[in-house]
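A closer look at the structure
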Amino acid sequence: MSINIKNIKDRIGIDLGASIAIEDGLTYASEADFHFVDIRIGDVKNKFESFDKSRISKVRNLIESKELIMGLHTLSAVNMAEFAPYLSEAVDAYIKSYIDIAKLIDANWVEVHAGFHFTGDYERRKKAGLERLKRMGDYAAKHGVKLLLENMNPEPENAEVHYLASDVEETKFYFDNLPHENIGWSYTVNHAHIIPVGIEGFYNAFGCKRLFEVRLADNKGDKEEHLPPGKGNIDFNKMFHMIENDGFKGHYMLAFGSHDDMREGRDYLI
């Protein structure tokens with residue numbers, strides 16, 4: 001589906017999270033003049049089994065009538081790097097359910113993560129996550145759904161659990177080994193702000209070629225926070241100029257606070 005994009009404001013979307021029924025979320029987004037929407041399904045008011053023919057039809061009609069472009073955002077607590085028996089199969093089923101529903105409701109992308117490790121099992125987890133991303137990327141491609149891999153936030157050095165794809169080296173490992181046409185990049189700038197290379201250094205490592213979405217929140221560069229723009233120290237003006245001047249034509253996605261906080265945050269960024 002194509003919509004009429006007039007300016008940068010039209011390209012800034014809202015991540016509705018998991019706390020709102022998808023129908024109510026789409027209505028809110030439209031009334032707040034957002035055109036791009038991200039939402040998490042699988043729990044609360046959007047359980048997988050609730051997407052019967054009637055609900056699918058309602059969601060598709062809302063997307064079309066309100067001229068919205070929507071994606072689905074998987075739960076990062078589901079470990080894409082899982083290899084334990086039974087749990088591993090469950091992760092595959094979880095991601096496939098997202099892809100199946102995305103196809104049915106005409107969602108444009110499904111955002112995924114590389115998983116997490118427990119320090120001592122780093123190499124095994126990294127390999128397991130890569131193999132799963134390859135399988136799920138192939139499955140998504142067959143269904144006409146785009147997967148997006150998000151770069152994650154670093155945890156404190158002495159933490160037992162660490163997200164994968166939280167620095168340039170790890171993220172490069174996945175992108176170097178995943179088909180470009182199957183899996184795009186969702187660049188979370190506030191995650192990159194926490195690591196030494198920063199937002200510009202992380203972006204320069206990959207550039208615009210694979211970039212599909214840019215996720216926006218603020219922080220102070222010292223820990224994982226999703227603050228409204230202006231409450232941290234990210235230079236959003238510099239970030240926008242860097243990415244726009246490199247030819248990026250995709251959408252941005254707000255991910256912080258309440259829905260109204262993001263509505264106000266968009267106005268602040270504009």
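The present account deals with the structure reproduced in this document.

What counts as what
Residues numbered from 1 in each chain as written. Predicted model: local features only at pLDDT ≥ 70, side-chain atom pairs only at ≥ 80, totals over all residues. Heavy atoms only, no water. Helix = DSSP H or I, 4+ residues; strand = E, 2+ residues; numbered from the N terminus. Rg over C-alpha atoms; globule rule 2.2 N^0.38 Å. Buried < 20%, exposed > 50% of the residue type's maximum accessible area, 1.4 Å probe, protein only. Contact = heavy atoms within 4.5 Å.

A separate point is the overall build of the protein chain. Within the protein chain one finds nine helices and ten strands. For 270 residues, the compact-globule estimate of 2.2 N^0.38 gives 18 Å, and the protein chain sits close to it at 18 Å. By principal-axis analysis of the C-alpha atoms, the protein chain measures approximately 50 × 45 × 30 Å. The burial tally for the protein chain puts 53% of its 270 residues in the buried class. Long-range contacts, defined as pairs at least 24 residues apart, comprise 76% of the intrachain contacts of the protein chain with a sequence gap of at least 6.

A few words now on unusual backbone geometry. With a phi angle near 55°, Glu-67 is a residue other than glycine that sits in the positive phi range. Here Glu-67 lies in the loop between α2 (53-65) and β3 (69-73). A positive phi is found at Thr-119, a non-glycine position, where the angle reads about 70°. We classify Thr-119 as partly exposed; its relative accessible area is 47%.

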